[in-house]
Amino acid sequence: MKKKNIEYLISLFLSIFAALVIGAFIMWANGRNPIVGFAALIKGAIGSKYNIATTLAKTVPLILTGLATSISFRSGIFNIGGEGQLYLGAFGAALVGISLVNLPGLVGIPLALLVSAIAGGLYALLPAILKVRYNIDEVIVTIMLNTVAVLLTGYLVNYPFASDVGKLGATEVIGEGYQLSRLVRLSTLNTSIFYVIVITIIMYYLLERTSIGYEIKMIGQNPDFSRYGGINVKRRMIFAMVVSGVLCGIAGAFEVLGVHYRFLQHISPGYAWDGMLIALIVKNNPLGVVLMSLFFGALKTGSISMENATGIPSELIAVIQSIIILFIAGEAGFKSKIKGFFARKDGRKKVGEKNA
Amino acid sequence: MLKEIINLTLLQHTIRTATPLILAALGGLLTQHAGILNIGMEGMILLGAFFGVVGSYFFGSSLAGTLLAVAVGIVVGLLFAYFVIDLKSDEFIIGIAINMLAGGLTIFLLRSIFGVKGAFSSPDIVPLPRFSVGFLEGIPLLDTLFNNHTVFVYVSWLLVALIYVYLYKTPHGIWLRAAGEFPDALETAGVSPRKMKYISSILCGVFCGFAGVHLSLGYLTLFTENMSANRGFIAMAAIIFGGAHPVKTFIAALMFGFFDALGIRLQVVGIPSQFTQMIPYLGTIVVLFIVAKNLLRKKKKAIEGESYNE
């Protein structure tokens, strides 16, 4: 392994460790025993078949949105619009599921996934085109489009497609053929996990083993150089962005087809934001996304048990997560600060030696 | 029906709802001029709203709430600046991290300090006092429109003028703009761009703190989870809309406040409000598009002109 990678892994573990220590300190400041808290957290995440299943279920949208972020960030075009693409994808899948109710699953599920992929992909295409053709900042555009999508689906689900049973902010339940079967009793873990495994392998292959993946990486590192090297930078950027949107759309579809069996007005508690943070932490490495998603999924699941057992609010996990991202984002800066500090110290010592 | 929607109350609500947008946007435009895109405003407003309630509840005064919110704003502004300027982290990653941290931390503290989920309200939270401009009292229209607001409504208007003068008429303001546009030139002139960036970030934290306090101690005295409700992003939209010019940004924020207030009125009479709520977001994209297109046209013209001259 390269020295740079090892250095990165060390700072990654240090960041996570430091964030957990801060978490422990917050527990202690709240008058709780951190050891008891973390024990409950671990037990809640992997303590039983049901807990492991719940952790895996929570991992599904994180892996998809994490991979979506990886491909777009690698190519240097920043898709912050995952949340909006996820909502449109989820609604697209639900729309298929409530209008073609009697379709058998073999046809219905691929169709629903296709529609959600198209919805997510098209919604990412717009900012991509604005970026490459007009040089409009995609970060701002995708942030704005997030809220537009949430509002639009909020309208659709409360008015034209509202369920008959009062105003729930939900559509009717999708046809039975569309409902992905659950794998473990009481947990929401469903067959979407198998689709996710396949998608992950494809994405890994695409990013790490094909010339497209190589070009995308090149563009992200040095667009000018890539252009001179004969890469069609604009086309690759659009491709990366659309694939990113497709993955987010599919993440939304699985929430509908596998978890809720209907579209809900607030179907995502910010999965795309979590996925983005995950990708950022592992520097857009697809395998890293899977591992970090499992870790975040375990934290999320375990935090609920921790809350039940010890009364420590589960939101502590969100605090720990954001502290990890702060440390990772500051990693390079911290490193050069520390190096600078030692260099200065060294220098001073040498000066001192001379004087002596 | 139309009378129920468009009336004096609507305009009065516009002034109320626009105020946090104006305050946050004024803070954000300072960092924008200093060359930093701050998408952490959303989290900064949320923290301000929460700590405003904390201060007001425990010290029994809205001033204490405001001071606490401002103190937290300064801390977060410093944190943001330290990461972005000194550690050279990506500004939008830090912005997102601050938003996440604010979301998690406020809910966590809401539950560990007050022991409630979702929302906290109590008669012990002292609201901001209402102010009235004496000579407007008794003038029917102006009285309802411009009187009986929290102090931050007037502060926000005053700040628009102050920031305009500061940015364009004082040397310090010119330094701030230079820190974003020509940092090397500023350095040569003996002023540290780093210092100017720090100042802009801290001021942004303070103004977002004001915005938060106006939300939680203004017309309703309570804190609810994710109370900032995208206002940080709308403020960013206003900055883009107004080209980071204080007066134009102010007008944009007022306009977005109007659509927000209109949405609430529409909901009351049972008309879907989602489309009016979309206006700031879609409008921003349209503005960006128009600006970019003009820029392209100018570039094209410049290139054509060159070849003509040759």
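1. Overview of the overall build of chain B
- What chain B contains, in helices and strands, is 13 helices and 4 strands.
- Over its C-alpha atoms chain B spans a radius of gyration of 21 Å, differing by no more than 12% from the 19 Å that the globule rule assigns to 310 residues.
- A principal-axis box enclosing the C-alpha atoms of chain B has dimensions of 75 × 50 × 40 Å.
- Burial analysis of chain B (310 residues in total) assigns 55% to the buried set.
- Restricting to contacts in chain B with at least 6 residues of sequence separation, those with at least 24 account for 75%.

2. Digging into the packing of helix 3 (residues 41-59) of chain B against helix 11 (residues 231-241) of chain B
Residue and element names in this part refer to chain B.
- Between helix 3 and helix 11, whose axes approach to 7 Å, the crossing angle comes to 130°. Relative to helix 11, helix 3 is oriented oblique. By crossing handedness, the relation of helix 3 to helix 11 is classed as right-handed. Residues M41, E42 and I45 of helix 3 touch helix 11, and the partners they reach there are R231, G232, F233, A235, M236 and I239.

3. Comments concerning empty space enclosed by the protein
Residue and element names in this part refer to chain A.
- Going through the model one piece at a time under the given rule, you end up with 1 cavity of 30 Å³ or more.
- Roughly 80 Å³ of internal volume is contained in the largest cavity.
- Around the largest cavity sit 13 residues that line it, and T69, N79, G82, A272 and M276 are the ones nearest its centre.
- Per element, the largest residue contribution to the lining of the largest cavity is 4 residues, and it comes from helix 3 (residues 49-74).

4. Quick word on the nonpolar core
- Of all hydrophobic cores here, the largest spans 189 residues; its most connected members are L64, M203, L257, F263 and I281 of chain A.
- Here this core takes 13 residues from helix 5 (residues 91-114) of chain B, the largest share from any one element.
- Sequence-distant contacts of M203 of chain A, defined by excluding residues within four places in its chain, comprise L67, I71, V243 and L247 of chain A.
- Residues I77, M218, I219 and V233 of chain A belong to the second largest nonpolar core, which totals 10 residues.

5. Topic: a positive patch on the surface
- Together, R133 and K234 of chain A together with K293, R297, K300 and K301 of chain B make up a positively charged patch on the protein surface.
- The element that contributes the greatest number of residues to the positive patch is helix 13 (residues 274-309) of chain B, accounting for 4 residues.
- Mapped onto the elements of the fold, R297 of chain B is located in helix 13.

6. Digging into the interface of chain B and chain A
- With 43 residues of chain B in contact, the opposing surface of chain A contributes 46 residues.
- With both chains or domains summed, chain B and chain A bury close to 3900 Å², and 83% of this area falls on carbon and sulfur atoms.
- Between chain B and chain A we count 2 salt bridges in total.
- Connecting chain B to chain A are 3 residue pairs in polar contact (both at pLDDT 80 or more).
- Among the secondary structure elements, those contributing two or more residues to the side of chain B that touches chain A are helix 4 (62-86), helix 5, helix 11 and helix 13 of chain B.
- Residue composition of the side of chain B that touches chain A, by class: 31 nonpolar, 8 polar and 4 charged.

7. A word on the layout of surface pockets
Residue and element names in this part refer to chain A.
- Its boundaries defined by the atoms lining it, the second largest pocket holds a volume of some 1500 Å³.
- Lining the second largest pocket are 38 residues, and of these Y8, V282, K283, N284 and N285 sit closest to its centre.
- Only helix 1 (3-29), helix 3, helix 7 (192-209), helix 8 (211-221), helix 11 (271-281), helix 12 (286-310), helix 13 (316-329) and helix 14 (331-355) provide two or more residues apiece to the lining of the second largest pocket.
- With 5 residues, helix 1 is the single largest residue contributor to the lining of the second largest pocket.
- Residues of the lining of the second largest pocket, tallied by class, amount to 19 nonpolar, 9 polar and 10 charged.

8. Thoughts on the environment of L128 of chain B
- Among the secondary structure elements, L128 of chain B is positioned in the loop between strand 1 (119-121) and strand 2 (130-131).
- As for L128 of chain B and L30 of chain B, which are separated by 98 residues in sequence, their C-alpha atoms are 26 Å apart.

9. Here we look at helix 1 of chain A
Residue and element names in this part refer to chain A.
- Helix length check: helix 1, at 27 residues, gives a terminal C-alpha distance of 39 Å against a target of 39 Å (1.5 Å per residue), a fit within 8%.
- The complete set of buried residues in helix 1 reads Y8, S11, L12, S15, I16, A19, G23, A24, I26 and M27.
- In the stretch just after helix 1, G31 is the one whose phi turns positive, near 80°.

10. Some words on helix 10 (residues 193-217) of chain B
- Between its first and last C-alpha, helix 10 of chain B extends 36 Å over 25 residues, near the 36 Å set by a 1.5 Å rise per residue.
- Of all the 25 residues making up helix 10 of chain B, 19 are buried; the element is thus mostly covered by neighbouring parts of the structure.

11. With respect to the environment of G220 of chain A
Residue and element names in this part refer to chain A.
- With respect to the secondary-structure elements, G220 resides in helix 8.
- On the accessibility criterion, G220 (32% relative accessible area) is partly exposed.
- Not counting the four nearest positions on each side in its chain, G220 is found in contact with R74, S75 and G76.

12. Considering the packing of aromatic side chains
Residues and elements named next belong to chain B.
- Here the structure, examined in full by the defined rule, presents 30 aromatic pairs over all chains.
- When the centroid spacing of 5.4 Å and the interplanar angle of 40° are considered together, the rings of Y164 and Y168 count as tilted. Of this pair, Y164 and Y168 are both found in helix 7 (residues 151-169), 4 residues apart, which corresponds to roughly one turn of the helix.
- Relative accessible area serves as the criterion here: at 30%, Y164 is assigned to the partly exposed category.
- Look at F241 and F256: their rings are 5.2 Å apart centre to centre, the planes differ by 80°, and that puts the pair in the edge-to-face class. On the criterion of sequence distance, the pair formed by F241 in helix 11 and F256 in helix 12 (residues 246-268) is long-range, its members being 15 residues apart.
- Judged by its relative accessible area of 2%, F256 is buried.
- Chaining the aromatic ring pairs together yields one cluster made of F50, F51, Y57, F58, F114, F120 and F223.

13. Quick look at the side chain of S89 of chain B
- Position of S89 of chain B among the secondary structure elements: in the loop between helix 4 and helix 5.
- When sequence neighbours within four positions are dropped, the list of residues in contact with S89 of chain B reads A329 and G330 of chain A together with F83, V84 and I94 of chain B.

14. Quick word on unusual backbone geometry
- At K283 of chain A, a residue that is not glycine, the phi angle is positive and equals roughly 55°.
- If you trace the backbone, K283 of chain A turns up in the loop between helix 11 and helix 12.
- Of note in the backbone geometry, A244 of chain B takes a positive phi value of approximately 60° without being a glycine.
- When you line up the elements, A244 of chain B lands in the loop between helix 11 and helix 12.

15. Focus on the pattern of salt bridges
- The final tally for this structure, using the stated rule, is 11 salt bridges over all chains.
- Notably, a salt bridge pairs E315 of chain A with R111 of chain B, separated by 3.0 Å at the nearest N-O pair. Taken together, the residues E315 of chain A in the loop between helix 12 and helix 13 and R111 of chain B in helix 5 connect one chain to another.
- E331 of chain A is the salt-bridge partner of K335 of chain A, the closest N and O atoms lying 3.0 Å from each other.

16. Some points on the side chain of S11 of chain A
All names here are of chain A.
- Counting through the fold element by element, S11 comes out in helix 1.
- By relative accessible area, which is 12% here, S11 ends up buried.
- In this structure the side chain of S11 is engaged in a polar contact, spanning 3.0 Å, whose partner is the backbone oxygen of E7.
- Polar side-chain contacts of S11 include one of 3.0 Å to the side chain of E331.
- Other than its neighbours up to four places away in sequence, S11 contacts I328, E331 and K335.

Rules of the game
Residues numbered from 1 in each chain as written. Chains lettered and ligands numbered in written order. Predicted model: local features only at pLDDT ≥ 70, side-chain atom pairs only at ≥ 80, totals over all residues. Heavy atoms only, no water. Helix = DSSP H or I, 4+ residues; strand = E, 2+ residues; numbered from the N terminus. Rg over C-alpha atoms; globule rule 2.2 N^0.38 Å. Buried < 20%, exposed > 50% of the residue type's maximum accessible area, 1.4 Å probe, protein only. Contact = heavy atoms within 4.5 Å. Axes fitted to C-alpha atoms, helices over the stretch in contact; angles between N-to-C directions. Parallel < 35°, antiparallel > 145°, perpendicular 65-115°, else oblique. Left-handed = near helix turned anticlockwise from the far one by under 90°. 1 Å grid on protein atoms, 1.4 Å probe; cavity = no way out; pocket = protein on both sides within 12 Å on 5 of 7 lines; lining within 4 Å. Points joined across faces, edges and corners; volume = space filled by probe spheres on them. Core = buried A, V, L, I, M, F, W, Y, C linked by side-chain atoms within 4.5 Å. Patch = residues over 30% accessible without salt bridge, like charges linked within 9 Å, V, L, I, M, F, W, Y side chains within 5 Å. Areas by Shrake-Rupley, 256 points an atom, 1.4 Å probe, with all protein chains shown as cover. Salt bridge = Lys/Arg side-chain N within 4 Å of Asp/Glu carboxyl O. Lys, Arg positive; Asp, Glu negative; His and termini not counted. Charge placed at Lys NZ, Arg CZ, Asp CG, Glu CD. Buried area = accessible area lost by both parts, 1.4 Å probe. Polar contact = N/O pair within 3.5 Å; in protein donor to acceptor, adjacent residues only side chain to side chain. Nonpolar A, V, L, I, M, F, W, Y, C, P; charged D, E, K, R; others polar. Expected span 1.5 Å × (residues − 1). Phe/Tyr/Trp six-rings, centres within 6.5 Å; stacked < 30°, edge-to-face > 60°.

Everything listed here is a matter of coordinates, which is why it stays silent on function.
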